[in-house]
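Results of the structural survey
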Amino acid sequence: MENEKDTWIEEVMNSMHGSRRAKPRDGLFSDIERQLDETIRLDFRKRQWRMLAAAVVLLFVVNAYIVFSFTQNNSPQQTEYAIEGVSSQSLVSGYNLYE
Amino acid sequence: MNEHFDHIQAIAQGDRKAFKMLYEIFSNKVYNTAISYVHNEPEAEEITQDVFTKVFRYAAKFKGESTVNTWIYRITVNTALNYLKKRKRAAFTTLQEQESQRPDFEHPGVVLENKEKASFLFKAIETLPESQKTAFILAFIEGLPRQEVAQIMDSSLKAIESLLQRAKKNLRGKLEHFYPHQRKS
């Protein structure tokens, strides 16, 4: 009984002897090519979205810089000097001292 | 010289002809390995598709540090193991039928008189831990030399021999439990 069991176990352990490799069906390569094309298309789409996002961020940064620079150039201190400058100008031109 | 390295370099340039040639050389190896893990044709096909997609996408990154054969087998083993993990997670979350309730697997390449015994072998292989399963499939189902199995598993020859010893011991232990069922039928 024990011998029969051991023999059976050894036969099972050796059951793959003489077997051939399993082969995939003929159309599988076409499916792989289709999957590949789909993957490449999706990769391209992702790259496009990333470029778009980068462009939007760049645009935002540039605009923010322009707005910031503008507000700096037109601050109250600078405006005060500008007004003073205009006032003295009109005073001088108003007098026409050497005519 | 690294065999098939020129194919990989051509594939890295997008050469579909070279890709087809590589497929023709390796598809049986990849598919046979995959089916030995998942025990059904549809999933083995999915794994084969994933493997070759990865080969195409990552061909440019292959530097020839291993052979192309080793590289492709490594991708196949990792993809198959990930597939099994995903399947296990899905079964756990959806309360699908347990592995033991799935129909017995008949390997398409087995000779007719060995089909029934081979199905017991694959049932027992399913119960092995990952590393023993991989070593056994590569050495005894794929018939690869031990040294090549060691390269694929990034291990030493001694470690592989030890894994195979333990795998065979565990398989025999499992088959002892199957034997009474065999006798009852």
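Everything here concerns the structure above.
Residues numbered from 1 in each chain as written. Chains lettered and ligands numbered in written order. Predicted model: local features only at pLDDT ≥ 70, side-chain atom pairs only at ≥ 80, totals over all residues. Heavy atoms only, no water.

**Section: the packing of helix α5 (residues 115–125) of chain B against helix α6 (residues 130–141) of chain B**
Residue and element names in this part refer to chain B. Where α5 contacts α6, the two axes come as close as 11 Å, and the packing angle between them is 150°. Compared by their axis directions, α5 and α6 come out roughly antiparallel. Within the contact between the two elements, α5 uses Leu121, Phe122 and Ile125 and α6 uses Lys133, Phe136, Ile137 and Ile141. (Axes fitted to C-alpha atoms, helices over the stretch in contact; angles between N-to-C directions. Helix = DSSP H or I, 4+ residues; strand = E, 2+ residues; numbered from the N terminus. Parallel < 35°, antiparallel > 145°, perpendicular 65-115°, else oblique. Contact = heavy atoms within 4.5 Å.)

**Looking at the packing of helix α1 (residues 5–12) of chain B against helix α2 (residues 16–38) of chain B**
Residue and element names in this part refer to chain B. For the pair α1 and α2, interaxial distance at closest approach is 8 Å and the crossing angle is 140°. Viewed along their axes, α1 and α2 adopt a mutual orientation that is oblique. Every pair of crossing elements has a handedness; the one defined by α1 and α2 is left-handed. Packed against α1, whose contacting residues are His7, Ile8, Ala10 and Ile11, the element α2 presents Ala18, Phe19, Met21, Leu22 and Ile25 at the interface. Of the residues that constitute the contact of α1 with α2, the class distribution is 8 nonpolar, 1 polar and no charged. (Left-handed = near helix turned anticlockwise from the far one by under 90°. Nonpolar A, V, L, I, M, F, W, Y, C, P; charged D, E, K, R; others polar.)

**Observations regarding the nonpolar core**
Note on soluble globular proteins: their nonpolar side chains tend to be buried together. Counting residues in hydrophobic clusters, the biggest one holds 69 residues, and the most contacted among them are Phe136 and Leu175 of chain B. Looking at this core, the element that brings in the most residues is α2 of chain B, giving 11 residues. Other than its neighbours up to four places away in sequence, phenylalanine 136 of chain B contacts Met13 of chain A together with Leu121, Ile125, Leu128, Ile141, Leu164, Ala167, Lys168 and Leu171 of chain B. (Core = buried A, V, L, I, M, F, W, Y, C linked by side-chain atoms within 4.5 Å. Buried < 20%, exposed > 50% of the residue type's maximum accessible area, 1.4 Å probe, protein only.)

**So, a nonpolar patch on the surface**
All names here are of chain A. On the surface, Leu58, Val62, Tyr65 and Ile66 cluster together into a nonpolar patch covering about 430 Å² of accessible area. One can find valine 62 in helix α2 (residues 28–73). The exposure class assigned to valine 62 is partly exposed, which follows from its relative accessible area of 41%. (Patch = residues over 30% accessible without salt bridge, like charges linked within 9 Å, V, L, I, M, F, W, Y side chains within 5 Å. Areas by Shrake-Rupley, 256 points an atom, 1.4 Å probe, with all protein chains shown as cover. Salt bridge = Lys/Arg side-chain N within 4 Å of Asp/Glu carboxyl O.)

**Quick look at the packing of aromatic side chains**
The final tally for this structure, using the stated rule, is 12 aromatic pairs over all chains. Ring centres of tryptophan 8 of chain A and tyrosine 179 of chain B lie 5.4 Å apart, and the angle between their planes is 55°; on these two criteria the pair is classed as tilted. With tryptophan 8 of chain A in helix α1 (residues 2–13) and tyrosine 179 of chain B in helix α8 (residues 157–184), this pair bridges two chains. Of the two residues examined, tryptophan 8 of chain A and tyrosine 179 of chain B, each falls in the buried class. With a centroid separation of 5.6 Å and 45° between ring planes, the pair formed by phenylalanine 29 of chain A and phenylalanine 19 of chain B is classed as tilted. Residue phenylalanine 29 of chain A is found in helix α2, and its partner phenylalanine 19 of chain B is found in helix α2; the two belong to separate chains. With a relative accessible area of 0%, phenylalanine 19 of chain B lands in the buried category. Every member of this aromatic cluster is reached through a ring pair, and the members are Phe29 of chain A together with Phe19, Tyr23, Phe52 and Phe56 of chain B. Lying over the aromatic face of phenylalanine 178 of chain B, lysine 123 of chain B brings its terminal NZ or CZ to 5.4 Å of the ring centre. (Phe/Tyr/Trp six-rings, centres within 6.5 Å; stacked < 30°, edge-to-face > 60°. Lys NZ or Arg CZ within 6 Å of the ring centre and 35° of its normal.)

**Focus: the interface of chain A and chain B**
With 31 residues of chain A at the contact, the number on the chain B side is 43 residues. Summed over both sides, the interface between chain A and chain B buries roughly 3,500 Å², with carbon and sulfur atoms accounting for 63% of that surface. Where chain A meets chain B, there are 8 salt bridges. Between the two partners, chain A and chain B, sit 12 residue pairs in polar contact (both at pLDDT 80 or more). Within the residue set of the side of chain A that touches chain B, elements represented by two or more residues are α1 and α2 of chain A. The biggest single contributor to the side of chain A that touches chain B is α2 of chain A, with 11 residues. (Buried area = accessible area lost by both parts, 1.4 Å probe. Polar contact = N/O pair within 3.5 Å; in protein donor to acceptor, adjacent residues only side chain to side chain.)

**Looking at α5 of chain B**
Counting buried positions along α5 of chain B yields 8 of 11 residues, so the element is predominantly enclosed. When we look at burial in α5 of chain B, the residues that qualify are Lys115, Ala118, Ser119, Phe120, Leu121, Phe122, Ala124 and Ile125 of chain B.

**What about the pattern of salt bridges?**
Per the stated rule, a full pass over the model turns up 15 salt bridges over all chains. Among the salt bridges present, the one from arginine 172 of chain B reaches glutamate 10 of chain A, with a minimum N-O distance of 2.8 Å. Taken together, the residues span two chains, with arginine 172 of chain B in helix α8 and glutamate 10 of chain A in helix α1. Owing to a relative accessible area of 32%, glutamate 10 of chain A belongs among the partly exposed residues under this scheme.

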